[in-house]
Amino acid sequence: MPAQFTEHEVGERIEAMRRRRPRFIDERITMAHGAGGKASRALVEGLIVPLLENETLAPLSDAALLNVGGVRLAFTTDGFVVRPIRFPGGSIGELAVNGTVNDLAVSGARPVALSAALILEEGLPAETLREEIKAMGDAATAGGVSVSTGDTKVVERGSCDSMYIVTTGIGVIDHDVILTPQRVRPGDKVLVSGTIGDHGVAIMLARGELDIEADVSSDTQPLWSMVDRLIAACGSQLHCMRDATRGGVATVLNEIALAAEVGVVIAEDRVPMRPEVIGAGEILGIDPLWVANEGKLVAFVAAEAAGAALAAMRSDPAGVQAAIIGEVREEPPGRVLSKTTFGGHRMIDMLVGDPLPRIC
Amino acid sequence: MSLVPMSPVQISIDRSPRVSFDSVPEVCSVVEGCITCGDVAVPLTVITTDGSDARCRDDQGREEMVAVELIDPVVPGDRVLVHAGVAIEKLAGDGLPQPATGSGE
Amino acid sequence: MRFVDEFRNADLAEVLGVEITALCEPGRHYKIMEVCGGHTHTIYRYGVQDHLPESIELVHGPGCPVCVIPMGRVDDGIAIAKRDGVILTCFGDMMRVPGGDGSFLDANAAGADIRMVYSPLDALRIARENPTKQVVFYAIGFETTAPSTALTVLRAKQLGVENFSVFCNHVTIIPAIKAILDSPDLRLDAFLGPGHVSTVIGCRPYDFISRQHGKPLVCAGFEPLDLLQSVYMIMKQLKEGRSEVENQYGRVVDWDGNPRALAIMNDVFALRPFFEWRGLGSIAHSALQLSDRYADFDAELRFDVPGVRVADPKACQCGEVLKGVLKPWECKVFGTACTPETPIGTCMVSSEGACAAYYNYGQYAKQRIHLEV
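Owing to the predicted nature of the structure, the values given are computational and were not obtained by experimental measurement. (Residues numbered from 1 in each chain as written. Chains lettered and ligands numbered in written order. Predicted model: local features only at pLDDT ≥ 70, side-chain atom pairs only at ≥ 80, totals over all residues. Heavy atoms only, no water.)

A word on the nonpolar core
Then comes step 1: If you look at the biggest cluster of nonpolar residues, it comprises 119 residues, and the most contacted ones within it are Met94, Phe104, Tyr138, Phe164 and Phe334 of chain C.
Then comes step 2: Setting aside anything within four residues of it in sequence, one finds Phe104 of chain C in contact with Val74, Gly77, Ile78, Leu88, Cys90, Met94, Met95, Ile114 and Tyr138 of chain C.
Then comes step 3: Formed by 28 residues, the second largest nonpolar core is a distinct cluster that contains Val252, Ala260, Val336 and Ile348 of chain A. (Core = buried A, V, L, I, M, F, W, Y, C linked by side-chain atoms within 4.5 Å. Buried < 20%, exposed > 50% of the residue type's maximum accessible area, 1.4 Å probe, protein only. Contact = heavy atoms within 4.5 Å.)

Description of the pattern of salt bridges
Then comes step 1: Applying the stated criterion across every chain yields a total of 37 salt bridges over all chains.
Then comes step 2: Between Asp256 of chain C and Arg204 of chain C there is a salt bridge, with its nearest N and O atoms 2.5 Å apart. Of this pair, Asp256 of chain C sits in the loop between strand E9 (245-247) and helix H11 (259-268) while Arg204 of chain C is found in the loop between helix H8 (195-201) and helix H9 (207-211), placing the two residues 52 residues apart along the sequence.
Then comes step 3: Between Arg242 of chain C and Glu240 of chain C there is a salt bridge; the shortest N-O distance is 2.9 Å.
Then comes step 4: Look at the salt bridges and you will find they share partners, linking Glu268, Asp287 and Arg346 of chain A together with Arg45 of chain C into a network. (Salt bridge = Lys/Arg side-chain N within 4 Å of Asp/Glu carboxyl O. Helix = DSSP H or I, 4+ residues; strand = E, 2+ residues; numbered from the N terminus.)

Observations regarding the pairing of strand E2 (residues 56-60) of chain C
All names here are of chain C.
Then comes step 1: For E2, the tally of buried residues reaches 5 of 5 residues, placing the bulk of the element in the interior.
Then comes step 2: By the alternation rule, side chains of E2 split into Ile56, Leu58 and His60 and Glu57 and Val59, which are all buried.
Then comes step 3: Bridging between strand E1 (residues 30-34) and E2 involves 5 bridges; their strand directions are parallel. Looking at E2, one finds that Met33 is bridged to Val59.
Then comes step 4: Running through helix H2 (residues 37-46), the crossover from E1 to the neighbouring parallel element E2 is right-handed. (Pairing = 2+ DSSP bridges. Right-handed = clockwise from strand over helix to strand, strands pointing away.)

Some remarks on the packing of helix H1 (residues 10-22) of chain C against helix H10 (residues 224-239) of chain C
In a packed pair of helices, the relevant descriptors are the angle between the two axes and the axis-to-axis distance.
Residue and element names in this part refer to chain C.
Then comes step 1: Viewed as axis vectors pointing N to C, H1 and H10 meet at an angle of 15°, and their least axial separation amounts to 9 Å. In terms of their interaxial angle, H1 and H10 are classed as roughly parallel. As H1 packs across H10, the resulting crossing turns out to be left-handed. Facing H1, whose interface residues are Leu12, Ala13, Leu16, Glu19, Ile20 and Ala22, H10 presents Leu225, Leu228, Gln229, Val231, Tyr232, Met235 and Lys239.
Then comes step 2: Looking at side-chain class alone, the contact of H1 with H10 contains 10 nonpolar, 1 polar and 2 charged residues. (Axes fitted to C-alpha atoms, helices over the stretch in contact; angles between N-to-C directions. Parallel < 35°, antiparallel > 145°, perpendicular 65-115°, else oblique. Left-handed = near helix turned anticlockwise from the far one by under 90°. Nonpolar A, V, L, I, M, F, W, Y, C, P; charged D, E, K, R; others polar.)

Some points on a nonpolar patch on the surface
Then comes step 1: On the surface, Val44, Leu47, Ile48, Leu51, Leu52 and Leu60 of chain A cluster together into a nonpolar patch covering about 500 Å² of accessible area.
Then comes step 2: On the basis of relative accessibility, which here comes to 33%, the residue Leu47 of chain A falls in the partly exposed class. (Patch = residues over 30% accessible without salt bridge, like charges linked within 9 Å, V, L, I, M, F, W, Y side chains within 5 Å. Areas by Shrake-Rupley, 256 points an atom, 1.4 Å probe, with all protein chains shown as cover.)

Points about unusual backbone geometry
All names here are of chain A.
Then comes step 1: The linkage connecting Arg83 with the following residue, Pro84, adopts the cis geometry, with an omega of 0°.
Then comes step 2: Tracing the sequence through the fold places Pro84 in the loop between strand E2 (71-80) and strand E3 (86-87).
Then comes step 3: The amide bond that connects Glu331 to the next residue, Pro332, takes the cis arrangement and shows omega of -15°.
Then comes step 4: Mapped onto the elements of the fold, Pro332 is located in the loop between strand E12 (323-329) and strand E13 (336-339).
Then comes step 5: One non-glycine residue, Glu261, lies in the positive phi region at around 50°.
Then comes step 6: Residue position: Glu261 is located in the loop between helix H7 (248-260) and strand E10 (263-267).

Structural notes on the confidence of the model for chain C
Detailed reading of the predicted model is not advised wherever pLDDT is low.
Then comes step 1: Confidence in the prediction for chain C averages 88 pLDDT; 94% of positions are at 70 or higher.
Then comes step 2: Confidence estimates for the predicted assembly give a pTM of 0.79 and an ipTM of 0.79. (pLDDT = per-residue confidence, 0-100.)

What about the sheet that holds E2 of chain A?
All names here are of chain A.
Then comes step 1: The mixed open sheet is built from 5 strands, whose spatial order is E1-E2-E7-E5-E6. For this open sheet the edge positions go to strand E1 (64-68) and strand E6 (146-155), each flanked by a neighbour on one side alone. The average undirected angle you get between the axes of adjacent strands in this sheet is 20°.
Then comes step 2: Judged from the 8 bridges that link them, E2 and strand E7 (residues 163-172) form a sheet pairing that is antiparallel. Within the sheet, the bridge partner assigned to Phe80 lies in E7 and is Ile165.

With respect to the environment of Arg204 of chain C
Residues and elements named next belong to chain C.
Then comes step 1: Given the relative accessible area of 47%, Arg204 is considered partly exposed.
Then comes step 2: Each C-alpha atom, one on Arg204 and one on Thr339, is 38 Å from the other, the two residues being 135 residues apart in sequence.
Then comes step 3: In this structure, Arg204 is in contact with Trp255 and Asp256, ignoring residues within four places of it in sequence.
Then comes step 4: At 2.5 Å, the side chain of Arg204 and the side chain of Asp256 are in polar contact. (Polar contact = N/O pair within 3.5 Å; in protein donor to acceptor, adjacent residues only side chain to side chain.)

A closer look at the pairing of strand E9 (residues 238-243) of chain A
Residue and element names in this part refer to chain A.
Then comes step 1: The element E9 is extensively covered by neighbouring structure, given that 6 of its 6 residues are classed as buried.
Then comes step 2: In terms of strand pairing, E9 meets strand E11 (residues 297-301) through 5 bridges, oriented antiparallel. From the neighbouring strand, Met241 faces E11, where its bridge partner is Ala299.

So, the side chain of His175 of chain A
Residues and elements named next belong to chain A.
Then comes step 1: The topology assignment puts His175 in the loop between E7 and strand E8 (189-192).
Then comes step 2: Look at His175 and you get buried, because its relative accessible area is 17%.
Then comes step 3: Within polar-contact distance, the side chain of His175 engages the backbone oxygen of Gly108 at 2.8 Å.
Then comes step 4: Side-chain polar atoms of His175 contact the backbone nitrogen of Val177, separated by 3.0 Å.

Some points on the environment of Ala74 of chain A
Residues and elements named next belong to chain A.
Then comes step 1: The topology assignment puts Ala74 in strand E2.
Then comes step 2: As a C-alpha pair, Ala74 and Ala64 span 10 residues in sequence and 5.5 Å in three-dimensional space.
Then comes step 3: Ala74 has contacts with Ala63, Ala64, Leu65, Leu104, Ser107, Ala109, Gly169, Ile170, Gly171 and Ile173, leaving out every residue within four places of it along the chain.

Let's talk about helix H6 (residues 146-159) of chain C
Residue and element names in this part refer to chain C.
Then comes step 1: If you check H6, its first and last C-alpha atoms are 20 Å apart, about what 14 residues at 1.5 Å a residue would give, namely 20 Å.
Then comes step 2: Among the 14 residues that make up H6, 11 are buried, leaving the element largely enclosed by the rest of the structure.
Then comes step 3: Listed in full, the buried residues belonging to H6 are Ala146, Pro147, Ser148, Thr149, Ala150, Leu151, Thr152, Val153, Leu154, Arg155 and Ala156. (Expected span 1.5 Å × (residues − 1).)

Concerning the sheet that holds E9 of chain C
Residue and element names in this part refer to chain C.
Then comes step 1: The 5 strands lie next to each other as E2-E1-E7-E8-E9, forming an open sheet whose pairing is parallel. Only two strands of the sheet have a single neighbouring strand rather than two, namely E2 and E9. Recorded for the sheet is a direction-independent mean angle of 25° between the axes of neighbouring strands.
Then comes step 2: As paired elements, strand E7 (residues 190-193) and strand E8 (residues 217-219) share 3 bridges and run parallel to each other.

Things to note about H7 of chain A
Then comes step 1: With 13 residues, H7 of chain A extends 19 Å between its outermost C-alpha atoms, agreeing within 8% with the 18 Å of an ideal straight helix rising 1.5 Å per residue.
Then comes step 2: Within the sequence span of H7 of chain A, burial applies to Gly248, Val249, Ala250, Thr251, Val252, Leu253, Asn254, Ile256, Ala257, Leu258 and Ala260 of chain A.

A short note on the packing of aromatic side chains
Residues and elements named next belong to chain C.
Then comes step 1: Per the stated rule, a full pass over the model turns up 8 aromatic pairs over all chains.
Then comes step 2: When the centroid spacing of 5.0 Å and the interplanar angle of 85° are considered together, the rings of Phe104 and Tyr138 count as edge-to-face. With Phe104 in helix H4 (residues 104-109) and Tyr138 in strand E5 (residues 134-139), the pair connects residues that are 34 residues apart, well separated along the chain.
Then comes step 3: For Phe104, a relative accessible area of 0% puts it in the buried group.
Then comes step 4: Accessibility expressed as a relative area gives 0% for Tyr138, which makes it buried.
Then comes step 5: Between Phe222 and Tyr249, the aromatic rings sit 5.9 Å apart at their centres with planes inclined by 80°, giving edge-to-face as the arrangement. Pair noted here: Phe222 is in the loop between E8 and H10 and Tyr249 is in the loop between E9 and H11, with a separation of 27 residues, a long-range link.
Then comes step 6: Counting every residue linked through ring pairs, the aromatic cluster contains Phe104, Tyr138 and Phe167.
Then comes step 7: Across the ring face of Tyr46, the terminal group of Arg45 is positioned such that the distance to the ring centre comes to 4.7 Å.
Then comes step 8: Of note, Lys157 hangs over the ring of Tyr294, and the distance from its end group to the ring centre comes to 4.8 Å. (Phe/Tyr/Trp six-rings, centres within 6.5 Å; stacked < 30°, edge-to-face > 60°. Lys NZ or Arg CZ within 6 Å of the ring centre and 35° of its normal.)

This is the structure in structure tokens:
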């Protein structure tokens, strides 16, 4: 019996569905909606954005870009619900500051001020709170920013898990470089600022549900000083940056590929990964490409500036292991392909489900 | 680890380490695959034996108790292939790929 | 450098690829079926197909013991879990498989006590730690996994644990392969045999495939070079007109399997007269239940279950896709009613199934793409 459609037609239909604004049809919120992958995208684009529709929100990038009296500002917010709140390499307080600092940084903005709203569970030990506030203060200092205002609420035991933090940040863009996926074009090189997968794996291990002991720490760190050097070195040849948090590098590459309607091709043997993360990933059944990072960014630069970009990143402590991992092509538009270590290829799609919830 | 409430109905205050559904792998995820369907079995090294169980460790230092009564008696240092907490094979070498020589029996 | 990296070596792969191509008969198209989810995973993860000529196609068979579980059996599990005082335990893979009215995960969110374990022995421990509760282990898997369940039942009996039982959905691989071979539409040339199932059952059970049906079968390991070498061995057989069972995974698989594991399986389990496989229909003697000796531990006897057969929608063409007759995109409901987010049959429920893999990897999976980056 002949098929209803040709293979090509079926393929086109699938690609068209991928690009459609996702519809949100679930009756209830599930953990998948918080994972940073397809379900999160459906939640934001299918439920939230349509109700709040406005020009500033539309690009849905890491920060909103505002022009106030001629001053270009970046404005961003992030919620932190990581479990457990302390883990190798950091804690929720540190994450809360660095996360927002980095959203500003990848938007090209020098972080200026942060606010912090704390939601505390009844029964939380004061000593724990003291440690987290100190961690926030230390991270703010290291990030060159201050926590200028905040709020505190307490909820009944069981209504939240120890503590949640929401930070909002403002940064100033005092250069002319426009950073947006629309500037990414075929020929651009793709760079990553260091080893990937560390944070998510560290969290997984810290949850202690599996008997693994491995030396993996979260990579949480502020990225502004590295970004500053990158902008100084490349100027407008720097086209776009994203920080690779939930959903990992794979999700970020897909977002850019779709937004810019370009193909992205990477080589897996060029992507920096610590052996311990690869090993733990194999045991846990997770691939570092999809795992959240808290101190890494992906940058798209014009080919001729790639060398300078790499040098600039490596000159900063946050980017010593930066690498060029791939390039942008015309085909296949909206898709990410990778050359495997085996010399074959595979498609890299964005995260679908929720392998590591409450990762940040 | 605190209990994450699943729904308003559940008011249990049992705080024993119930493996929460948070860490449930995606069924047959594109990325990860499915432990059962993927027929995943891991080579481990025996550290100590304790009757019909043995404490085993993998190349990354992870340890688990493994039931070993389905294979010949093991001693510390032996390599075993483990699936779902049970050793299904004692490995002659280290279970790692050797340069391919021949085939079959 | 870990030794295993040698077995993912791209240069060796290229060499093998050339040798395999040399064995192909001009103008002939080859279809080799693998029946092990782990193999499907390796093929996609490393892009093994890229080292094969266009004339060799790797076809995905029913390699997912989780995803072939019919929806009615999932509903039965939920019915048990919803009862007061019951803790249902299962592997993580089982938590999101859709039943007629939601998955275990959904039932858990609605208040049923369903816990993920990594081994049936964990379930037994939970039973001993919760003497006032009934602990049920929802057993799934092929012959790789069945020995663990059997061992757990034996230990439960030895220890006199009375609040533990097993809801058994173990399936066996041979009848599934037979069902595919017996189909009149068969167009396969050879099989890649499952790796770890063979560790338990050995290589002899596959004899009838090569002897009666004339299809070579090579038991393959899980590294990408294992698969390439196995394809090489198959092509050599086809070229030389042989049809045999060979063992490429000799470093792990013993020709005789594991006699002790087989013995306890024979003791603890009995073959069901028939069992429904999602996508393949009812297959005789293809699944296990607890034997009479261990009836005390059979959850199906201890609890009343609805036992309702929830049929796959008529539009589902998984059976033909599984046999290699239909390509995924040729199925009437592919990509429309049936997607990875809203799967109908087993080929889409399992991401290692042909349809989900094709949907997610798209047309690019079949192309030979060589990236110079």
